[in-house]
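Coordinate analysis (summary)
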Amino acid sequence: MFRSHTNGELSLKNLNEEVTLSGWVQTIRDKGFMIWIDLRDRYGITQLVFDQERSTAELMENAKKLGREFVIQVTGKVIERVSKNPNIPTGEIEILVEKLEVLNESQLPPFTIEDETDGGEELRMKYRYLDIRRNPVKDKLIFRHNMAQKVRNYLSDNGFIEVETPVLIKSTPEGARDFVVPSRMNPGQFYALPQSPQTFKQLLMVGGMDKYFQIVKCFRDEDLRADRQPEFTQIDCEMAFVEQEDVMNVFEGMTKTLLKDITGQEFGDFPRMTFADAMQKYGNDKPDIRFGMDSWN
């Protein structure tokens with residue numbers, strides 16, 4: 001292993017332990033006689049210290065050669081920080097480095113790898129692998145992972161099974177144009193990419209899979225809208241031998257579970273509105289009721 005701990009887990013309880021860390025160089029503060037480096041991975045940041053009195057001349061010289069986003073491995077002792085940082089979990093300790101190895105050098109990044117970066121969207125998309133190192137992007141990926149896991153656990157606990165359905169299918173008449181994929185084995189013929197798994201839902205219900213779900217990619221070759229891209233992901237479910245109330249209770253429960261587990265917010269029963277009432281009061285089948293204004297006031 002290239003590390004004994006991650007950069008987000010060390011604290012005062014690890015005092016005087018010898019540890020090995022790996023990660024990316026976030027920042028360097030060189031005071032000549034002392035060098036501080038923030039080492040980053042997806043778990044957090046740990047401060048490293050190179051001290052002229054306690055470090056060898058060779059180690060100090062190698063530390064001075066480091067640049068932003070160098071990938072390094074260090075071994076050293078966990079010591080208590082004199083100037084603590086309460087804003088990070090590792091802010092009470094630092095690592096007095098005894099051994100340094102550069103795993104990979106880096107050119108100067110085209111934008112700063114910070115929460116508030118100086119890189120515009122087009123530049124960040126060009127260097128997406130760098131952008132992913134930033135907390136706002138990293139946190140969104142972790143959030144999506146956590147949400148998908150919660151959905152799977154909730155639906156599985158409620159008797160649903162996850163079924164993976166084909167991506168290359170026969171074209172079916174739906175609301176938007178299909179993306180098509182040419183078949184090498186059958187010249188002149190094409191597969192379609194599914195706009196939604198509707199056909200397969202029906203097959204599964206007829207086949208006796210009374211509760212099915214998948215977190216699935218859908219493809220629609222249509223003009224972009226605020227809530228629609230050429231490809232997107234949806235939670236797709238189907239239930240048999242149920243009534244409307246059963247469907248609404250299951251998915252209201254899923255929404256409450258997600259909000260509680262991920263955001264810590266708890267809600268009572270959701271208010272419900274019929275289509276007729278929504279159209280009569282608001283003239284819209286998906287009204288925004290936060291403002292307490294209907295269309296006829």
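Attention in this report is confined to the structure presented alongside it. None of these values were measured; they are calculated from a predicted model. (Residues numbered from 1 in each chain as written. Predicted model: local features only at pLDDT ≥ 70, side-chain atom pairs only at ≥ 80, totals over all residues. Heavy atoms only, no water.)

**Some points on the pattern of salt bridges**
Applying the stated criterion across every chain, the model contains 21 salt bridges. The partner of Arg29 in a salt bridge is Asp38, and the shortest N-O contact between them spans 3.4 Å. Of the residues examined, Arg29 reaches a relative accessible area of 31% and is grouped as partly exposed. Lys84 serves as the salt-bridge partner of Glu80, at 2.9 Å between the closest nitrogen and oxygen. Under the relative-accessibility criterion, Glu80 is labelled partly exposed at 42%. Since its relative accessible area comes to 36%, Lys84 is described here as partly exposed. One connected set of salt bridges, linked through shared partners, spans Glu245, Glu252, Lys256, Asp269 and Arg272. (Salt bridge = Lys/Arg side-chain N within 4 Å of Asp/Glu carboxyl O. Buried < 20%, exposed > 50% of the residue type's maximum accessible area, 1.4 Å probe, protein only.)

**Let's talk about helix α6 (residues 244-263)**
For α6, spanning 20 residues, the distance from its first C-alpha to its last is 28 Å, which sits close to the expected 28 Å at 1.5 Å a residue. Among the residues of α6, those classed as buried are Val250, Glu252, Gly253, Met254 and Leu258. Summarising the contacts, the buried residues of α6 are in contact with α4 (135-157) and β10 (231-239). (Helix = DSSP H or I, 4+ residues; strand = E, 2+ residues; numbered from the N terminus. Expected span 1.5 Å × (residues − 1). Contact = heavy atoms within 4.5 Å.)

**Focus on the pairing of strand β9 (residues 211-219)**
Summarising the sheet, strand β6 (residues 161-162) and β9 pair through two bridges and their orientation is parallel. Residue pairing for β9: Ile161 is matched across the bridge by Tyr212. Here β9 runs beside β10; their pairing, made up of nine bridges, is antiparallel. Each residue of the ladder has a partner; that of Lys217, found in β10, is Thr233. (Pairing = 2+ DSSP bridges.)

**Examining the environment of Leu108**
Relative to the helices and strands, Leu108 resides in the loop between β5 (93-104) and α2 (121-126). Residues Leu108 and Phe70, spaced 38 residues apart in sequence, show a C-alpha to C-alpha distance of 9.3 Å.

**Section: the environment of Val78**
For Val78, the position within the fold is in strand β4 (residues 71-80). Val78 sits in the buried class, given a relative accessible area of 0%. With 18 residues separating them in the primary sequence, Val78 and Leu96 have C-alpha atoms 6.5 Å apart. Setting aside residues up to four positions removed in sequence, Val78 forms contacts with Leu10, Ser11, Asn14, Leu15, Asn16, Glu17, Val19, Ile93, Glu94 and Ile95.

**Topic: the sheet that holds strand β3 (residues 44-51)**
The strand order β1-β2-β3-β5-β4 describes a closed barrel built from five strands, whose pairing is mixed. When the angles between neighbouring strand axes are averaged without regard to direction, this sheet yields 55 degrees. With seven bridges joining them, strand β1 (residues 18-30) and β4 adopt antiparallel strand pairing. Residue pairing for β4: Val19 is matched across the bridge by Gly76. Helix α1 (residues 57-64) contacts β1, β2 (34-41), β3 and β5 of the sheet and is inclined by roughly 70 degrees relative to β5. (Axes fitted to C-alpha atoms, helices over the stretch in contact; angles between N-to-C directions.)

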